[in-house]
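# Descriptive structure summary
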Amino acid sequence: MSTTVLTVDDSRAMRDMLRHSLAAAGFRVIQAEDGLHGLEMLESERPDVIVTDINMPRMDGFGFIEAVRRDDQRKAVPVLVLTTEVDVEKKNRARAAGATGWIVKPFDPVKLIEAIRRVSA
Amino acid sequence: MEDPMAAIRETFFQECDEQLAELETGLIAMENGTAETETVNAVFRAVHSMKGGAGIFALDALVRFAHVFETALDKVRSGTLAATPAVLGVFLRAADVLADLVHAARENTSVDNARTATMVAEFDKINNDCETPSPAPAKTAPAAGSGLFEAALEEQNSAWEISFTPRAELYAKANETAIILRELRRLGEIDVRLDASCLPELSELDPEGAYLTWHIKLTSDCDEAAIRHVFEFVEDDCVLLITPPEPQGFVPGTVITGDNGFKFEFFPPPEDEEPAPEPEAAVPPPPREAPAAAKNPAVEVMAAKAESAAAVSATIRVDLDRVDRMIDLVGELVINEAMLSQRVLEAGIARASGVAMALEELEHLTREIQDSVMAIRAQPVRSVFQRMPRLVREVAAQTHKQVRLVTEGEGTEVDKTVIERIADPLTHMIRNAIDHGLESTERRIEIGKPAEGTVKLIALHRSGRIVLEVSDDGAGINRARVREKAVENGVIAADAQLSDDEIDNLIFLPGFSTAAKVSDISGRGVGMDVVRQSVAALGGRISITSRPGLGSTFTLSLPLTLAVLDGMVVSAHGHTLIIPLSAIVETLKPRAQDVFPLDHEINVLALRGGYVPMVDIANSLCYSESFIEPEQSVALLVEGEGGVRAVLLVDAIHGQRQVVIKSLEANYRAVPGIGAATVMGDGRVALILDVDAMVRNARSDAGRGAELAVTEAV
Amino acid sequence: MSATIQADPANQAGNRELIAFRVGRQEFCINVMMVREIRGWTAATRLPRSPRYVRGVINLRGAVLPIVDLAIRLGLPASEPTARNVIIVVQIGQQQVGLLVDAVSDILTASNASIQPSPDVTSELVKTFVKGLLPVDGRMISLISLDNALPRELEAA
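All values reported here derive from a predicted model rather than from experimental measurement. (Residues numbered from 1 in each chain as written. Chains lettered and ligands numbered in written order. Predicted model: local features only at pLDDT ≥ 70, side-chain atom pairs only at ≥ 80, totals over all residues. Heavy atoms only, no water.)

### Comments concerning the overall build of chain A
On a plain count of helices and strands, chain A comes out with five helices and five strands. Secondary structure of chain A in N-to-C order comes out as β-α-β-α-β-α-β-α-β-α. For chain A, the residues scored as buried account for 67% of the 121 residues in total. If you take every contact in chain A between residues at least 6 apart in sequence, the share linking residues at least 24 apart comes to 60%. (Helix = DSSP H or I, 4+ residues; strand = E, 2+ residues; numbered from the N terminus. Buried < 20%, exposed > 50% of the residue type's maximum accessible area, 1.4 Å probe, protein only. Contact = heavy atoms within 4.5 Å.)

Spelled out as structure tokens, the structure:
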């Protein structure tokens, strides 16, 4: 079975881009539009890797990662943070929240895929 | 096959439009003091998101400007910069610049670089005024990173010594040692030795703790960067010692930078030995049965917040084609239902029979489905209203006037097809209101009006139509000047007797411009006649009322949907026609003594003290050479655009019905006097009368001479 | 149908498939690629202020389809259509139009070389529509262009 990646991003263009890049690399891609939506999806889906944005309405990436880490069933899922943030403070917050890794946009699909491969079993 | 990148690009630009609208709305709310905390976040997110997307497509100018904008917005968000009117003024103008940059990127055109630069300078000023030193954007020079690593060992083939001691956090963040070892194996041959000397007694063992150290010998000609790359995500959640085959300088900080500003980095090493919190180990896992929201307080809070914020979650995005297809199908269903009803009627089945009653039920259901489907397409006019503040700012700047825009009824819903087509007429009406309606600031002060003129934009529903009003508190129409101009252009006779209202509405005639000199604003636009034509093409009407010295009001009325219409089925000389119900005032049975000939062709009907011109539909549409005897006919008093009335004569009325509007232009062209077509219960096409054209025609035939003569096709 | 039909309608070297039909005593043809469907005559709803050759509009599965009486359009003797008449629904640019003809007579493949220019003596109407002549088994079939089948926009009228 192919690796399932959950992407969480409020931008449609970014979602399309992620879907396009990841699907081309053979991943099964499921997508959520913000943190809360992401948690809803985790009710029924078991992704192998999560890629999430930070700035999102309703629930941002920090809240989302924290919630994932607090969920006993989901806390072992690697979470890569994908955002334009270059702010060190925010990076540390994401890390403190339990992010597995960090990628600064604009992302290079090849590197993104490599990063996903490196955190997925 | 469509290029996926092109499609994503298109999505990006669509999203930009939405975000620009949101940005503007938010900034205006902040300006009006109606902003909430979430507004500031939404504004920030809008710019931030555009920046992110622009990065994908290497739209550098856009990325750069969005970054500057975002930085300032972030300061407002974090409270280090106060959102003063001056700052918001800069933001609003920056939003316009951003919109231009988006537009330029989309169209591949250039932008006014000077304007962008000015804007950036203004941002610099804001940023300097704000005391807190901003954290440097911390952009690592792209080439530096990669060059750094290439300098490392190249030809080593002896063993690297790696000592790797994960901390509990490493596991808590879902990293795995097995995967890391797997990755190391890709670099070369590895020899792994596990050091479990720190493993405690089983009774003391924390199942989520970390007690092991791996000692790895890696035989590879790779450089240190490659090894560190493997430990990239975990570097600060473990103790990692990498000893090269030959001792050499440790490379501090690990940043890998690729093309395009791509950056992939380790988390910086922890600054101190502060123990990391380990909440997982301490808190027993809550029971699995509980629903997620209850189980997770954070989620619960967020969910509550989300509910109070907006009902975002209750919407879905559907491809418009699917909705259109459904509307088409429902339209067919309505027709089929009507056909079935007719067949049942023809078969002489009793009204009280089960079949007839079931059919009636079906009719209700069909109606309801149709209404529901149409409601899917209904959208608030907000999206169009949102574009207007910018327009007002621009036109105000061009005309050196101070203008305040007041909007009302943004939530008024109307069919999507209508929404798409009201932007142009509205733009023109607003432009006209500022350019021609409002006096100059000096003049306003002189006559004791507030220096700032007000333009009001209102949307409301009225008798099954949407009404849009654009009013100004300017000088009103200069009737003497309009009249003079109309006579000058030969539009009306010098001695024509016109009411004030009729004079005001002369501005909709072709080639009319009332400004003393042709200004830049109206000069580049189209005349009000074009606006009226485009509105009429939508089945709409436009009119103006004006009070000297107090201002003018443009009123635009449009059908709520362009897809269905309530109509009266009539026949004229054997032809079935539909007359829109919205235009019909009443039906009459004319008496011979009330009919007076105006000339050899035109009759007028005496009606409650006035005279209304009569239009013989069959003759007017060339179905018949002769004229119907008025007393043999059924008459419908109709009201066209601007409240102008006429009496339409037909042979008979066959009842009301809702019809699905079918365009004649799609496969043919516009037909004078006919608005559209529909398909009747028998499957045949029936034509929908263009009442405005009929009324206009009657008026112009009646010797008025001012209105457009209907173009006759050869 | 004609024996010249080929299995592969995709044009090899300038060959095109044509559909031939009768209008009065003459035979015409158009490119088969333009044809969407062929159906029997149904009564059309007359359009006011339209040229005489526009018979009106019919309902084609929910779309309003104008019907052009080719006999009148081509200046031939007209007659009231009956159930035996045929409507050829064609695509002209973005629009679909029904052509009222007497009958569909043939589907044939012709090479560009076999199409002869129409003689230079012809009337304005012929010049407008006839793009070439095609001799087939002793018959003469006029290849017509439908670009001007419908009246132009109102402004030009």
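### Quick word on the overall build of chain C
In terms of helices and strands, chain C carries two helices and 10 strands. The helix and strand sequence of chain C, counted from the amino end, reads β-β-β-β-β-α-β-β-β-α-β-β. When each of the 157 residues of chain C is scored for burial, the buried share is 48%. In chain C, of all internal contacts separated by at least 6 residues, the share reaching a separation of at least 24 is 56%. Carbon together with sulfur atoms contributes 51% to the accessible area of chain C, which is approximately 8,000 Å² in total. (Areas by Shrake-Rupley, 256 points an atom, 1.4 Å probe, with all protein chains shown as cover.)

### Observations regarding the pattern of salt bridges
All names here are of chain B. Counted according to the given criterion, the structure contains 35 salt bridges over all chains. The salt bridge involving D594 is made with R591; its shortest N-O contact spans 3.1 Å. Across the pair E639 and R645 runs a salt bridge whose closest N-O atoms are separated by 3.1 Å. Here the residues in one salt-bridge network are E24, D96, D100, R390, R393 and E394, joined through shared partners. (Salt bridge = Lys/Arg side-chain N within 4 Å of Asp/Glu carboxyl O.)

### Re the interface of chain B and chain C
Listed per partner, the contact involves 29 residues of chain B and 29 residues of chain C. Together, N667, Y668 and R669 of chain B form the three largest contributors to the area buried by chain B at its contact with chain C, with a combined 30%. Across the contact surface, chain B and chain C share zero salt bridges. If you look at where chain B meets chain C, you find 12 residue pairs in polar contact (both at pLDDT 80 or more). (Buried area = accessible area lost by both parts, 1.4 Å probe. Polar contact = N/O pair within 3.5 Å; in protein donor to acceptor, adjacent residues only side chain to side chain.)

### A word on the environment of G53 of chain B
Looking at where G53 of chain B falls in the secondary structure, it is placed in helix α2 (residues 37-56). What makes G53 of chain B buried here is its relative accessible area of 1%. Between the C-alpha atoms of G53 of chain B and F12 of chain B, which are 41 residues apart in sequence, the distance is 6.5 Å. Once residues lying within four places of it in the same chain are set aside, the contact partners of G53 of chain B are M14 of chain A together with F12 of chain B.

### So, the sheet that holds strand β22 (residues 652-660) of chain B
Residues and elements named next belong to chain B. On the basis of which strands lie adjacent, the open sheet formed by five strands has the order β22-β14-β15-β24-β23 and mixed pairing. Every interior strand has two partners, whereas the edge strands, β22 and β23 (674-679), have only one. For this sheet, the mean inter-axis angle between neighbouring strands, taken without regard to orientation, is 35 degrees. Pairing between β23 and strand β24 (residues 685-689): five bridges, direction antiparallel. Residue pairing in the sheet places T678 in a bridge with A686 of β24. (Pairing = 2+ DSSP bridges. Axes fitted to C-alpha atoms, helices over the stretch in contact; angles between N-to-C directions.)

### Remarks on the sheet that holds strand β12 (residues 541-547) of chain B
Residues and elements named next belong to chain B. Pairing is mixed across the open sheet formed by five strands, whose spatial order is β8-β10-β11-β13-β12. In this open sheet, the two edge strands, each paired with only one partner strand, are β8 (402-408) and β12. For this sheet, the mean angle separating the axes of adjacent strands, direction not counted, is 15 degrees. Alignment of β12 against strand β13 (residues 551-559), held across seven bridges, turns out to be antiparallel. Counterpart to R547 in the pairing with β13 is G551.

### Description of the packing of aromatic side chains
Residues and elements named next belong to chain B. Applying the stated criterion across every chain yields a total of 11 aromatic pairs over all chains. Plain terms: the ring middles of F69 and F123 are 5.3 Å apart, the flat faces sit at 40 degrees to each other, and that makes the pair tilted. Of this pair, F69 sits in helix α3 (residues 60-78) while F123 sits in helix α5 (residues 113-129), and the two are 54 residues apart along the sequence. Residue F69 is classed as buried on the basis of its relative accessible area of 0%. With a relative accessible area of 0%, F123 lands in the buried category. Measuring from centroid to centroid gives 6.1 Å for F508 and F554, while their planes differ by 75 degrees, and the two rings are edge-to-face. Of this pair, F508 sits in the loop between α20 (500-504) and α21 (520-524) while F554 is found in strand β13, placing the two residues 46 residues apart along the sequence. (Phe/Tyr/Trp six-rings, centres within 6.5 Å; stacked < 30°, edge-to-face > 60°.)

### Concerning the pairing of strand β3 (residues 49-52) of chain A
Residues and elements named next belong to chain A. Side chains of β3 alternate between two faces, with V49 and V51 and I50 and T52 buried alike. By the bridge criterion, four bridges tie strand β1 (residues 4-8) to β3 in an arrangement that is parallel. Counterpart to V5 in the pairing with β3 is V49.

### With respect to the environment of G98 of chain A
Secondary-structure assignment places G98 of chain A in the loop between α4 (88-97) and β5 (101-104). Setting aside its immediate chain neighbours within four residues, G98 of chain A contacts I65 and R69 of chain A together with K173 of chain B.

### So, the packing of helix α1 (residues 12-24) of chain A against helix α5 (residues 109-119) of chain A
Packed helices, taken two at a time, are described by the angle their axes make and the gap between the axes. Residues and elements named next belong to chain A. With their axes 10 Å apart at the nearest point, α1 and α5 run at an angle of 65 degrees to one another. What the angle tells us is that α1 and α5 run roughly perpendicular. For the element pair α1 and α5, the recorded crossing hand is right-handed. On α5, the residues touching L18, S21 and L22 of α1 are P109, L112, I113 and I116. Each residue belonging to the contact of α1 with α5 can be placed in one class, and the counts come to six nonpolar, one polar and no charged. (Parallel < 35°, antiparallel > 145°, perpendicular 65-115°, else oblique. Left-handed = near helix turned anticlockwise from the far one by under 90°. Nonpolar A, V, L, I, M, F, W, Y, C, P; charged D, E, K, R; others polar.)

### A word on unusual backbone geometry
Positive phi, normally seen in glycine, also occurs at H573 of chain B, with a value near 50 degrees. Within the secondary structure layout, H573 of chain B lies in the loop between β14 (564-572) and β15 (575-580). Given the relative accessible area of 46%, H573 of chain B is considered partly exposed. Here R49 of chain C, not a glycine, exhibits a phi torsion of approximately 55 degrees, which is positive. Residue classification places R49 of chain C among the buried positions, given a relative accessible area of 9%.

### Regarding the pairing of strand β7 (residues 95-101) of chain C
All names here are of chain C. Burial runs high along β7: six of the seven residues are buried. Sheet analysis places strand β6 (residues 86-92) next to β7, joined by seven bridges and oriented antiparallel. Counted as the bridge partner of I92 is Q95 from β7. Connecting the antiparallel pair β6 and β7 is a turn made up of two residues, with G93 showing a positive phi of about 65 degrees.

### Considering helix α16 (residues 388-399) of chain B
All names here are of chain B. In this model, α16 (12 residues) spans 16 Å end to end at C-alpha, consistent with the 16 Å of a helix rising 1.5 Å per residue. Buried residues of α16: M388, P389, R390, L391, V392, V395, A396 and T399, and no others. Of the residues flanking the end of α16, it is H400, one or two places downstream, whose phi is positive at about 55 degrees. (Expected span 1.5 Å × (residues − 1).)

### Let's talk about the packing of α16 of chain B against helix α17 (residues 416-437) of chain B
Residues and elements named next belong to chain B. Following both chains from N to C, one finds α16 and α17 inclined at 35 degrees, their axes separated by 10 Å at the closest point. Note that α16 runs across α17; the crossing there is right-handed. Between α16 and α17, the residues in contact are M388, L391, V392, V395, A396 and T399 and A423, L426, T427, I430, R431, I434 and D435, respectively. Looking at the contact of α16 with α17, its residues break down into nine nonpolar, two polar and two charged.

### Thoughts on the confidence of the model for chain C
Residues and elements named next belong to chain C. Within chain C, residue pLDDT values average 82, and 87% of them lie at 70 or more. Of the regions scoring below 50 in pLDDT, residues 1-12 engages in 15 contacts with residues more than four places distant in sequence or in other chains. What the predictor reports for the complex is a pTM of 0.45 with an ipTM of 0.84. (pLDDT = per-residue confidence, 0-100.)

### Concerning helix α1 (residues 4-32) of chain B
In this model α1 of chain B runs 42 Å from its N-terminal to its C-terminal C-alpha over 29 residues, within 8% of the 42 Å that 1.5 Å per residue would give. Two residues or fewer past α1 of chain B, G33 of chain B is found with a positive phi of approximately 75 degrees.

### Topic: the environment of L498 of chain B
Residue and element names in this part refer to chain B. The residue L498 is located in the loop between α19 (479-488) and α20 in this model. Linking L498 and R483, residues 15 residues apart in sequence, is a C-alpha distance of 9.1 Å. Once residues lying within four places of it in the same chain are set aside, the contact partners of L498 are R483, I492, I503 and L506.

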